[in-house]
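Topology and contacts: notes
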Amino acid sequence: MNCFDDHLDGCVSQSQRERERAVMDPAHNTSAAEIGGSNGNATVSEDDSKESLDQVINSINKSLVVLHQLHLSLSSSLTPSSQLHLLPRLNSLVSELNSISKLSEKCNIQIPMEVLSLIDDGKNPDEFARDVLNSCVARNQATKGKTDAFKELRKHILEELEETFPDEVDKYREIRATSAAEAKRLAQSQTVLPNGDATVKSDL
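In this text the structure is predicted, and so the values were computed from the model without any measurement.

When you go through the protein residue by residue, the secondary structure sums to six helices and four strands. Each helix (α) and strand (β) of the protein, taken in turn from the N terminus, gives the series α-β-α-α-β-α-α-α-β-β. Counting across all 204 residues of the protein, residues that qualify as buried make up 19%. Across the protein, the fraction of contacts at a sequence separation of at least 24, relative to all contacts at a separation of at least 6, is 71%. By element, 56% of the accessible surface of the protein is carried by carbon and sulfur atoms, the whole surface being about 15,200 Å².

Okay, structure coming up:
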């Protein structure tokens, strides 16, 4: 029984570390599960959110300890004396779960569902970041290949048109140059504000 307890304690500790690392990791992604949310329309400060997160992690650790105790109680033969400890532990588990639910309302953290699936499968959550990075690199290479192909096609078409319609191609290039200069002037006349809005400088 002692060997089994030590093994279970090791599994619980490893699961706690992996879940804490996944929660503290910034979220990437696409589909995400939100732990907690906004409390009405009030904005939760970063310090309050971190403090609530620490409390949630503490409650999760307590819940895991209670679950471990319940497992030991139910795996052994139930006797009248052991049943006396069963009800308080169940009440303690319900209390901790209720505490987690209330504290999570003050946390605003996004966790990709894939990370939780990896943790449930006993895998390293860092594999998600690696897979996302590899996927981005592959898509970037594919997009770059398509962009280069379109550039080559445009260059080839302009060369063919220039041989047949030189005057029209010269006018087209003049229009393109004028449009590019106008776009550059507009971009230089705009200032990006901290909130992401753009303000246009006055010509006066």
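It is worth spelling out helix α4 (residues 113–120) at this point. Burial in α4 covers these residues: Val-115, Leu-118 and Ile-119. The arc that holds the buried residues of α4, viewed along the axis, is 100 degrees, so those residues lie on one side. Of the residues trailing α4, Gly-122 is marked for its positive phi of about 80 degrees.

Topologically, Ser-63 is positioned in helix α2 (residues 46–75). For Ser-63, a relative accessible area of 5% translates into the label buried.

Below, the discussion takes up the pattern of salt bridges. Counting across every chain of the model gives four salt bridges. Across the pair Asp-131 and Arg-130 runs a salt bridge whose closest N-O atoms are separated by 3.7 Å. For Arg-130, a relative accessible area of 47% corresponds to the partly exposed category. Of the charged contacts, one joins Asp-148 and Lys-144 as a salt bridge, the two residues approaching to 3.1 Å between their closest N and O atoms. Of this pair, Asp-148 and Lys-144 both sit in helix α5 (residues 126–164), four residues apart, roughly one helical turn. Judged by its relative accessible area of 32%, Asp-148 is partly exposed.

To continue, consider the nonpolar core. Core analysis: the biggest nonpolar cluster contains 12 residues, these being Leu-53, Val-56, Ile-57, Ile-100, Leu-103, Cys-107, Ile-109, Ile-111, Val-115, Leu-118, Ile-119 and Phe-128. Contributions of two or more residues to this core are made by α2, α3 (80–104), β2 (108–112) and α4.

Inspection of the secondary structure puts Leu-74 in helix α2. Residues Leu-74 and Leu-86, spaced 12 residues apart in sequence, show a C-alpha to C-alpha distance of 8.6 Å.

Next up on the list: a nonpolar patch on the surface. On the surface, Phe-150, Leu-153, Ile-157, Leu-161 and Phe-165 cluster together into a nonpolar patch covering about 490 Å² of accessible area. Position of Leu-153 among the secondary structure elements: in helix α5. Relative accessible area serves as the criterion here: at 44%, Leu-153 is assigned to the partly exposed category.

Let's shift gears to a negative patch on the surface. Negative charge collects at one region of the surface, where Glu-152, Glu-159, Glu-160 and Glu-163 lie side by side. With a relative accessible area of 66%, Glu-163 lands in the exposed category.

When two helices pack together, you describe them by how their axes are tilted relative to each other and by the distance separating the axes. Direction vectors running N to C along α5 and helix α6 (residues 166–188) enclose 135 degrees, while the axes themselves pass 6 Å from each other. Regarding the angle of α5 to α6, the classification is oblique. Residue-level inspection shows Arg-154, Leu-158, Leu-161, Glu-162, Glu-163 and Thr-164 of α5 in contact with α6, the latter providing Pro-166, Val-169, Tyr-172, Arg-173 and Arg-176. Across the contact of α5 with α6, the residue classes tally to five nonpolar, one polar and five charged.

Counting all residues, the mean pLDDT for the protein is 74, and 69% of those residues have values of 70 or more. Summarising per-element confidence for the protein, the mean pLDDT is lowest in strand β1 (residues 32–36) (42) and highest in α5 (91). A low-confidence stretch, residues 1–16 stays under pLDDT 50, and its non-local contacts, those more than four residues away or across chains, total 11 contacts. Below pLDDT 50 for its whole length, residues 22–44 participates in 46 contacts with residues either more than four positions away or in separate chains.

Let us now look at the environment of Ser-117. Inspection of the secondary structure puts Ser-117 in helix α4. Between the alpha carbons of Ser-117 and Phe-128 there is a distance of 9.9 Å; along the sequence they are 11 residues apart.

Scoring rules and cut-offs
- Residues numbered from 1 in each chain as written.
- Predicted model: local features only at pLDDT ≥ 70, side-chain atom pairs only at ≥ 80, totals over all residues.
- Heavy atoms only, no water.
- Helix = DSSP H or I, 4+ residues; strand = E, 2+ residues; numbered from the N terminus.
- Buried < 20%, exposed > 50% of the residue type's maximum accessible area, 1.4 Å probe, protein only.
- Contact = heavy atoms within 4.5 Å.
- Areas by Shrake-Rupley, 256 points an atom, 1.4 Å probe, with all protein chains shown as cover.
- Arc of directions from axis to C-beta.
- Salt bridge = Lys/Arg side-chain N within 4 Å of Asp/Glu carboxyl O.
- Core = buried A, V, L, I, M, F, W, Y, C linked by side-chain atoms within 4.5 Å.
- Patch = residues over 30% accessible without salt bridge, like charges linked within 9 Å, V, L, I, M, F, W, Y side chains within 5 Å.
- Lys, Arg positive; Asp, Glu negative; His and termini not counted.
- Charge placed at Lys NZ, Arg CZ, Asp CG, Glu CD.
- Axes fitted to C-alpha atoms, helices over the stretch in contact; angles between N-to-C directions.
- Parallel < 35°, antiparallel > 145°, perpendicular 65-115°, else oblique.
- Nonpolar A, V, L, I, M, F, W, Y, C, P; charged D, E, K, R; others polar.
- pLDDT = per-residue confidence, 0-100.

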